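Okay, here's what each chain looks like letter by letter:
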Amino acid sequence: MPSTQTAVRPAYRPYSAEVARSVRLSPHFVRVTFTADEFEHFGTARLDQRIKIVLPHPDGTFSDFGQDEGAGDWYDRWRALPHAERNIFRTYTVRRIDPDSRELDVDFVTHHDAGPAGAWAEQAVPGQQLIIVGPDARSPLSAGGLDWHPGTARRVLLAGDETAAPAITAILELLGDEYDVDAFIEVPTADDVLDVRHHETARLTWLPREDRPHGARLIDALASWADASGEVLARAAAPRRQLVDDIDVDLELLWDSPDPADGEFYAWIAGEAATVKTLRRMLVSERGVDRKRVAFMGYWRLGQAERIE
Ligand SMILES: Cc1cc2nc3c(=O)[nH]c(=O)nc-3n(C[C@H](O)[C@H](O)[C@H](O)COP(=O)(O)OP(=O)(O)OC[C@H]3O[C@@H](n4cnc5c(N)ncnc54)[C@H](O)[C@@H]3O)c2cc1C
């Protein structure tokens, strides 16, 4: 009997890409521009659009997990491979996508406790091959992979460390002047401050860490911001006292990304998991902000490689 069901094109698919160029933006940021014919179909939402960067095996090859077909079931196929044949992948953010010129920029943080992705970016040269799993603009589900959900809010707080800089700067560039924004980005050094175009209604503060521990400047900055923003926080208060789960960030993923909702205030916070956990406690448990108004995302964990489930 003929099937009456039409398969829905999956939200994400692999793209076989090549390095077009690589530019060191600052001591700890490398921008790699990728090109692929198929980028004409790449989703253009930007914002905090997440992608997977699939790295080659040490001999430069890739196992077959459907990349040549742009297979939407790439992950199941990858999982079905013997462990040693699974190419390593890591999570990154679209910094810029131009389907017309078939170019995609990714800003990689290069960190001293090097992992495969950071180390790959350090040595990226034109012509190198890599696979990027990203949104398929032809899919009705292509709005997935975004955690920026301000709903009706126009008073916005953005905060994160250097790994969240690509998302925060992309969001800032896209927001109109109807948004009243405070943004804070902690970076390793003063030389890592990047140029960003944004409206005057957004106030962006860079926080060079220099010799201080990771997250310390961001935590201090948000505490000062909260002290000075009593009225904003009062309007964003939860109707009753909220308990937040005491997540062990060494064992569990810290990811709390509420759906779009009505309300004046929205906060988006991402970066190293222990820092994000401290900021979550500060805003939700101590300052009483409604947790439905705040997205908290542990992008990585100090001392731990990204866990691939
Ligand atoms: C949704 C999402 C979007 C992201 N977007 C970006 C992005 O656009 N750019 C970006 O650079 N990162 C981004 N990240 C973070 C990135 O996935 C992690 O930093 C990842 O661990 C890097 O992989 P790796 O192979 O270099 O290191 P891993 O093999 O995962 O880790 C090796 C070691 O390096 C440490 N480490 C990992 N990252 C850092 C760091 N930034 N600074 C210091 N030490 C570190 C780990 O703690 C571990 O000890 C994003 C993460 C998520 C979840």
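To be clear, the structure that these remarks concern was listed above.
Remember, it's a predicted structure, so these values are computed and weren't measured experimentally.

Conventions we followed
Residues numbered from 1 in each chain as written. Predicted model: local features only at pLDDT ≥ 70, side-chain atom pairs only at ≥ 80, totals over all residues. Heavy atoms only, no water. Pairing = 2+ DSSP bridges. Helix = DSSP H or I, 4+ residues; strand = E, 2+ residues; numbered from the N terminus. Axes fitted to C-alpha atoms, helices over the stretch in contact; angles between N-to-C directions. Phe/Tyr/Trp six-rings, centres within 6.5 Å; stacked < 30°, edge-to-face > 60°. Buried < 20%, exposed > 50% of the residue type's maximum accessible area, 1.4 Å probe, protein only. Lys NZ or Arg CZ within 6 Å of the ring centre and 35° of its normal. Contact = heavy atoms within 4.5 Å. Polar contact = N/O pair within 3.5 Å; in protein donor to acceptor, adjacent residues only side chain to side chain. Expected span 1.5 Å × (residues − 1). Near = heavy atom within 4 Å. Areas by Shrake-Rupley, 256 points an atom, 1.4 Å probe, with all protein chains shown as cover. Nonpolar A, V, L, I, M, F, W, Y, C, P; charged D, E, K, R; others polar. Core = buried A, V, L, I, M, F, W, Y, C linked by side-chain atoms within 4.5 Å. Parallel < 35°, antiparallel > 145°, perpendicular 65-115°, else oblique. Left-handed = near helix turned anticlockwise from the far one by under 90°.

Undergrad: Is there a simple way to think about the sheet that holds strand β5 (residues 96-98) in this case?
TA: Within a sheet, neighbouring strands are paired by backbone hydrogen bonds and run either parallel or antiparallel to one another. Strand order in the open sheet formed by seven strands is β4-β3-β7-β1-β2-β6-β5, with antiparallel pairing between adjacent strands. Sheet topology places β4 (89-93) and β5 at the edges, where each strand pairs with a single neighbour. Averaged over all adjacent pairs, the angle separating strand axes in this sheet is 35 degrees, with direction ignored. In terms of strand pairing, strand β1 (residues 12-26) meets strand β2 (residues 29-35) through seven bridges, oriented antiparallel. Residue pairing for β2: V23 is matched across the bridge by R31.

Undergrad: I'm lost on the packing of aromatic side chains in this one. Help?
TA: For any two aromatic rings, the description comes down to two numbers: the centre-to-centre distance and the angle of the planes. All told, the structure shown has 15 aromatic pairs when counted by the stated rule. Between W255 and Y299, the ring centres sit 6.0 Å apart and the planes meet at 15 degrees, which makes this aromatic pair stacked. Here the residue W255 occupies a position in strand β11 (residues 255-256), and Y299 occupies one in strand β13 (residues 294-300), the gap between them amounting to 44 residues. Judged by its relative accessible area of 33%, W255 is partly exposed. Among the aromatic residues, ring-to-ring pairing joins F65, W74, Y75, W78 and F89 into one connected group. Over the face of the ring belonging to Y15 we find R13, whose NZ or CZ atom lies 4.1 Å from the ring centre. For R86, the ring lying beneath its charged end belongs to W78, and the centroid distance is 5.1 Å.

Undergrad: What should I look at first to understand the environment of E186 in this one?
TA: With respect to the helices and strands, the residue E186 is situated in strand β9 (residues 180-187). Judged by relative accessible area, which is 0%, E186 ranks as buried. Sequence-wise, E186 and D250 are 64 residues apart; in three dimensions their C-alpha atoms are separated by 22 Å. When sequence neighbours within four positions are dropped, the list of residues in contact with E186 reads G160, D161, E162, L207, R209, P213, H214, G215, A216, R217 and L218. Polar side-chain contacts of E186 include one of 3.0 Å to the backbone nitrogen of L218.

Undergrad: Got a minute to help me understand helix α4 (residues 216-228) in this structure?
TA: Turn by turn, an α-helix covers 3.6 residues, leaving residues three or four places apart pointing in a common direction. For α4, which comprises 13 residues, the first-to-last C-alpha distance of 19 Å matches the rise-based estimate of 18 Å (1.5 Å per residue) to within 8%. Buried within α4 are the following residues: A216, L218, A221, L222, W225 and A226. On the buried face of α4, the contacting elements are β8 (155-160), β9, β10 (202-208), α5 (230-235), β12 (265-272) and α6 (273-286).

Undergrad: It is not clear to me how the side chain of S63 should be interpreted in this structure. Could you clarify?
TA: With respect to the element layout, S63 can be found in the loop between β3 (50-54) and α1 (74-80). Accessibility expressed as a relative area gives 12% for S63, which makes it buried. Within the structure, the side chain of S63 is placed 3.0 Å from the side chain of H57, a separation counted as a polar contact.

Undergrad: Looking at this structure, how should I read the site of the ligand?
TA: Not every one of the 25 residues close to the ligand is listed here, only the nearest: T91, V109, D113, R301 and E306. One of the backbone nitrogen or oxygen atoms of G118 is found 2.8 Å away from an oxygen atom of the ligand. Coverage of the ligand by the protein amounts to 94% of the 910 Å² it exposes when considered alone. Listed by contribution, the elements that provide at least two residues to the shell around the ligand are β4, β6 (103-109), α2 (116-122) and β13. Broken down by element, the residue count for the shell around the ligand peaks at four residues, all from β4. For the shell around the ligand, the class distribution of residues is eleven nonpolar, eight polar and six charged.

Undergrad: Just checking my understanding: could you explain the nonpolar core for this structure?
TA: Nonpolar side chains in soluble globular proteins tend to be buried together. By size, the foremost hydrophobic cluster in this structure holds 29 residues, and its most contacted members are W148, L158, I168, I171, L172, V181 and W268. Of all elements in the fold, only β8, α3 (165-174), β9, β10, β12 and β13 reach the threshold of two or more residues within this core. Broken down by element, the residue count for this core peaks at five residues, all from α3. Setting aside its immediate chain neighbours within four residues, I171 contacts L47, D48, W148, L158 and W268. With 27 residues, the next largest nonpolar core counts F184, L222, V249 and V294 among its residues.

Undergrad: Whenever I open this one, the packing of α4 against α6 confuses me. Can you help?
TA: When two helices pack together, their arrangement is given by the angle between the helix axes and the distance between those axes. The interhelical angle for the contact between α4 and α6, taken along N-to-C directions, is 15 degrees, at an axis separation of 10 Å. By the angle between their axes, α4 is roughly parallel relative to α6. Read as a crossing pair, α4 and α6 show a hand that is right-handed. Touching L218, I219, L222 and A223 of α4 are T275, T278, L279 and M282, all from α6. Its residues assigned to classes, the contact of α4 with α6 comprises six nonpolar, two polar and no charged.

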